[in-house]
Amino acid sequence: MENEGNRISVVINTYNAEQHLRKCLEAVKDFDEVVVCDMESTDHTVGIAEDYGCRIFSFAKANHKSAEPARTFAIQKAKNKWVLVVDADEIVTPELRDVLYQEIRKPDCPAGFYIPRRNMFMGKFVRDRHPDWQLRFFIREGTEWPPYVHTFPKVQGRVVKLKAAKQARLLHLMDETMHQYLEKTNLYTDNEVEKKRNKHYNGWSLVWRPFWRFFKRYILEGGIFEGKRGYIRAQLAAVYQFVTVSKILEERMRKEEKE
């Protein structure tokens, strides 16, 4: 009989996620359990999850702009010791599945792993020179996920980057148009304000943070080798930082004017 400590639950948070959900669920159907936490979808998301025999739970959408407020709730619904968090537009490769089961059978296994992810942008996967590391695999007990966009869970214990062949990846299928990307920038930066309003940002932050993010993505992460796609992606990363800092400074200045 399989050691219960070597079992893995896949946890997926959803909201109107029908576009890629079947591919996502097909890729994780051989794990020990699949939990779907749905935020009151109005499309066929729940029906697709039912077709695959997932355990389904509901979390109120309310005014939440991302899945993060529902992450801890979803994780704690899993039955198994180990949890792999997957977005509804991500694919777990067979190589990734195999290596995760291999890792948790080792006697010195850490409590969590950063998993490399490849992102889609303007019709192609981004170069894999510097993977987008995501803390998505960990021991369920004691893990909490902050309710802010672009945050990582707080895992009780040692976490490391997963060392595996390049085929062992999360594949991010979301290929947003410029219109969709800018809409999300506006939504997500609102949430960034909640998370970072106490940061000591000033006028120089409007220059330095966008410049550094552009330099990191375009030079350090190899965007320069991806032609127009790489340049556009780096500029969008810079815009995201500029908008975030601008919103924080705006909030601060408006507050000062009222005092």
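Scoring rules and cut-offs
Every residue gets a number counted from 1 within its own chain, in the order that chain's sequence is written. Given that the model is predicted, a residue must reach a pLDDT of at least 70 before its local features are reported, and side-chain atom pairs must reach 80 or more before they are shown or counted; all residues, however, enter totals for whole chains, interfaces and linings. Computation of side-chain values covers all heavy atoms of the structure but excludes hydrogens and water. Convention adopted: a line fitted to C-alpha atoms gives each axis, helices being fitted over their contacting stretch, and angles between N-to-C directions are expressed from 0 to 180 degrees. Numbering of helices and strands starts at the N terminus; helices are DSSP runs of H or I of at least 4 residues and strands are runs of E of at least 2. Small angles under 35 degrees read as roughly parallel and large ones over 145 as roughly antiparallel, with 65 to 115 read as roughly perpendicular and the rest as oblique. Left-handed describes a crossing whose near helix is turned anticlockwise from the far helix by less than a right angle; the clockwise case is right-handed. Two residues form a contact once any of their heavy atoms are found within 4.5 Å. Classification convention: Asp, Glu, Lys, Arg as charged; Ala, Val, Leu, Ile, Met, Phe, Trp, Tyr, Cys, Pro as nonpolar; all other residues, Gly among them, as polar. Joining through side-chain atoms within 4.5 Å is the link that ties buried Ala, Val, Leu, Ile, Met, Phe, Trp, Tyr and Cys residues into a set, and such a set is a nonpolar core. Under the scheme applied here, a residue whose accessible area is under 20% of the maximum for its type counts as buried, over 50% as exposed, and between as partly exposed, the area being computed with a 1.4 Å probe on protein chains only. Within 3.5 Å is the distance limit for a polar contact, defined as a pair of N or O atoms, with the added protein rule that one can donate a hydrogen and the other accept it, and that residues adjacent in sequence qualify only through two side-chain atoms. The method works on a 1 Å grid over the protein atoms by themselves. A cavity is a set of points holding a 1.4 Å probe that cannot get out, a pocket is an open set with protein on both sides within 12 Å along at least five of seven lines, and residues with an atom within 4 Å of a point line them. Grid points are joined across faces, edges and corners, and a volume is the space filled by probe spheres set on the points. It is the directions from the helix axis to the C-beta atoms whose arc is reported. Only one rule defines a salt bridge in this text: a Lys or Arg side-chain nitrogen within 4 Å of an Asp or Glu carboxyl oxygen.

Caption draft 1: Highlighting the packing of helix 6 (residues 205-220) against helix 7 (residues 227-258). Taken N-terminus to C-terminus, the directions of helix 6 and helix 7 make an angle of 155°; their axes are 8 Å apart at the nearest point. Taken together, the axes of helix 6 and helix 7 are roughly antiparallel relative to one another. Where helix 6 crosses over helix 7, the handedness of that crossing is right-handed. Across from Ser205, Leu206, Arg209, Pro210, Arg213, Phe214, Arg217 and Tyr218 in helix 6, the residues of helix 7 making contact are Gly230, Tyr231, Arg233, Ala234, Gln235, Ala237, Ala238, Gln241, Phe242, Val245, Ser246 and Leu249. Class assignment for the residues of the contact of helix 6 with helix 7 results in 11 nonpolar, five polar and four charged.

Caption draft 2: Representation of the nonpolar core within the structure. Judged by nonpolar contacts, the single largest core of 30 residues is most densely connected at Ile8, Ile12, Leu84, Leu96 and Phe137. Those elements that place two or more of their residues in this core are strand 1 (8-14), helix 1 (18-28), strand 2 (33-38), helix 2 (45-51), strand 4 (82-85), helix 4 (94-104) and strand 6 (112-121). The biggest single contributor to this core is helix 4, with five residues.

Caption draft 3: The arrangement of the side chain of histidine 172 in detail. Mapping histidine 172 onto the fold places it in strand 10 (residues 170-172). Within the structure, histidine 172 has its side chain in polar contact with the side chain of aspartate 89 (distance 3.1 Å). Discounting residues that sit within four places of it in the chain, histidine 172 has contacts with Asp89, Glu90, Arg117, Arg118, Asn119, Met120 and Phe125.

Caption draft 4: Representation of the layout of surface pockets within the structure. One number sums up the size of the second largest pocket: a volume of about 150 Å³. Residue composition of the lining of the second largest pocket, grouped by class: five nonpolar, no polar and six charged.

Caption draft 5: Expanded view of the environment of lysine 79. By the element assignment, lysine 79 lies in the loop between helix 3 (68-76) and strand 4. Note on lysine 79: relative accessible area 59%, which makes it exposed. Linking lysine 79 and arginine 140, residues 61 residues apart in sequence, is a C-alpha distance of 8.9 Å. Not counting residues within four places of it along the chain, the set of residues in contact with lysine 79 comprises Ser9, Glu33, Arg55 and Arg140.

Caption draft 6: Main features of helix 1. Here helix 1 has its buried residues at His20, Leu21, Cys24, Leu25 and Val28. Buried residues in helix 1, looked at end-on, bunch into an arc of 145°, giving them a common side. Of the surrounding secondary structure, the elements contacted by the buried residues of helix 1 are strand 1, strand 2, helix 2 and strand 5 (90-92).

Caption draft 7: Summary view of the side chain of serine 66. Looking at the element boundaries, serine 66 is found in the loop between strand 3 (55-58) and helix 3. Here glutamate 68 takes part through its side chain, which lies 2.8 Å from a polar atom of the side chain of serine 66. Every residue in contact with serine 66, bar those within four places of it in the chain, is listed here: Met39, Val149, Tyr188 and Asn191.

Caption draft 8: Spotlight on the pattern of salt bridges. Taken as a whole and assessed by the stated rule, the structure comprises 18 salt bridges. The shortest N-O distance in the salt bridge between arginine 197 and glutamate 251 comes to 2.8 Å. Highlighted residues: arginine 197 in the loop between helix 5 (178-196) and helix 6 and glutamate 251 in helix 7, separated in sequence by 54 residues. The partly exposed category is assigned to arginine 197, whose relative accessible area is 36%. Through salt bridges with shared partners, one network takes in Arg71, Asp87, Glu90, Arg117, Asp132 and Arg136.

Keep in mind these values describe shape, not function.
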